[in-house]
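# Structure at a glance
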Amino acid sequence: MKFWQELFIVFYGLLGLIISIKGFIECYKKDNVHHETIYLFWLGIFVWGDAVVFGLFWFLISMLSVILKDWVLFLLFISVFWLVRSLGETFYWFNQQFSPLARWPKKRFDIIDFLSKYFKDGSIWFIYQISWQCVTVISLITTIYLTTWWLHNKF
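### Observations concerning the overall build of the chain
Along its length, the chain carries five helices and zero strands. Listing each helix as α and each strand as β along the chain from the N terminus yields α-α-α-α-α. For the chain, the spread of C-alpha atoms along the principal axes amounts to about 50 × 40 × 20 Å. Excluding contacts between residues fewer than 6 apart, the proportion of contacts in the chain whose partners are at least 24 apart in sequence is 64%. Roughly 9700 Å² of accessible area belongs to the chain as shown, and the carbon and sulfur atoms make up 73% of that amount. Within the chain, one finds 13 positive and 10 negative side-chain charges whose respective centroids are separated by 1 Å.

### What about the packing of aromatic side chains?
The full count for this structure, using the stated rule, is 23 aromatic pairs. Where Tyr145 meets Trp149, the ring centres are 6.2 Å apart and the plane angle is 50°; that geometry is what we call tilted. One end of the pair, Tyr145, and the other, Trp149, are both in helix α5 (residues 123-154), four residues apart, so they sit about a helical turn from each other. For Tyr145, a relative accessible area of 55% puts it in the exposed group.

### Brief notes about the packing of helix α1 (residues 3-28) against helix α3 (residues 71-98)
In contact at an axis separation of 10 Å, α1 and α3 are set at 40° when each is read in the N-to-C sense. Comparing their axes, α3 and α1 come out oblique. Both α1 and α3 take part in a crossing whose hand is left-handed. Across from Trp4, Gln5, Phe8, Ile9 and Tyr12 in α1, the residues of α3 making contact are Trp71, Phe74 and Ile78. Grouping the amino acids of the contact of α1 with α3 by side-chain chemistry returns seven nonpolar, one polar and no charged.

### Description of the nonpolar core
Of all hydrophobic cores here, the largest spans 25 residues; its most connected members are Leu43, Ile45, Trp58 and Phe74. Going through the elements one at a time, α1, α2 (48-68), α3 and α5 are the ones with two or more residues in this core. Beyond its immediate chain neighbours, meaning those up to four positions away, Phe74 contacts Phe8, Ile9, Tyr12, Ile61, Ser62 and Ser65.

### Observations concerning the pattern of salt bridges
Going through the model one piece at a time under the given rule, you end up with five salt bridges. The residue Glu26 makes a salt bridge to Lys30 at a minimum N-O spacing of 3.3 Å. The class for Glu26 is buried, based on a relative accessible area of 6%. Each member of the salt-bridge network shares a partner with another, and the members are Lys22, Glu26 and Lys30.

### Points about unusual backbone geometry
Phi is positive for Asp31, close to 55°, though the residue is something other than glycine. Here Asp31 lies in the loop between α1 and α2. According to the relative accessible area criterion, Asp31 is exposed, its value standing at 65%. The backbone of Lys69 sits at a positive phi, close to 50°, despite the residue not being glycine. Residue position: Lys69 is located in the loop between α2 and α3. A relative accessible area of 51% places Lys69 in the exposed class.

How each quantity is defined
Residues numbered from 1 in each chain as written. Predicted model: local features only at pLDDT ≥ 70, side-chain atom pairs only at ≥ 80, totals over all residues. Heavy atoms only, no water. Helix = DSSP H or I, 4+ residues; strand = E, 2+ residues; numbered from the N terminus. Contact = heavy atoms within 4.5 Å. Areas by Shrake-Rupley, 256 points an atom, 1.4 Å probe, with all protein chains shown as cover. Lys, Arg positive; Asp, Glu negative; His and termini not counted. Charge placed at Lys NZ, Arg CZ, Asp CG, Glu CD. Phe/Tyr/Trp six-rings, centres within 6.5 Å; stacked < 30°, edge-to-face > 60°. Buried < 20%, exposed > 50% of the residue type's maximum accessible area, 1.4 Å probe, protein only. Axes fitted to C-alpha atoms, helices over the stretch in contact; angles between N-to-C directions. Parallel < 35°, antiparallel > 145°, perpendicular 65-115°, else oblique. Left-handed = near helix turned anticlockwise from the far one by under 90°. Nonpolar A, V, L, I, M, F, W, Y, C, P; charged D, E, K, R; others polar. Core = buried A, V, L, I, M, F, W, Y, C linked by side-chain atoms within 4.5 Å. Salt bridge = Lys/Arg side-chain N within 4 Å of Asp/Glu carboxyl O.

Remember that the coordinates give geometry; whether it matters functionally is a separate question.
The following block contains the structure:
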C-alpha cells in the first residue's frame, strides 16, 4: 500500500471515530437521534443515530485495512457498505410510497421540498426509490469488480 493510501485510510478512520463521538453526544446529550446530517451523506450517515454506528464502523474497517495494508480491501468495504445501504434505502422508500404513514413528510428535508415541486402527489417517494436502485446497481458492479481485483491480487 502506498503512503498516501495509508494516510487517507487513517484520516478516514479518525474522521469516523470523531463523527461517532459527535453522534453519541448529539443522541445522548441533545436527544437529536433523528436530526438530519446531510453533509455526512457521503459516509452513509443521514441522521445522528446513524453517525454513532457508522462512524465506529468506518473507524474499525479503516484500522483493519491499515493493519492488513490493503487498499483494495478498504475500497471493497466501502463498495459492499453502499450495496447494503442502498438496498435498505430502496426498500425504505418503496415502502414509504405505499404507506399511509408519512414518516418523512415532504416538507421535512429541503431537497424533498424542492423536488416535490416537480414530482407531485407523492411521486417523490418513487423518485427516491429508483435513485437508490441506481446506487445499488453501481455498488453491485463496483463490488463485483473490486472483489475480482482483490481475489486476483491475493491468490
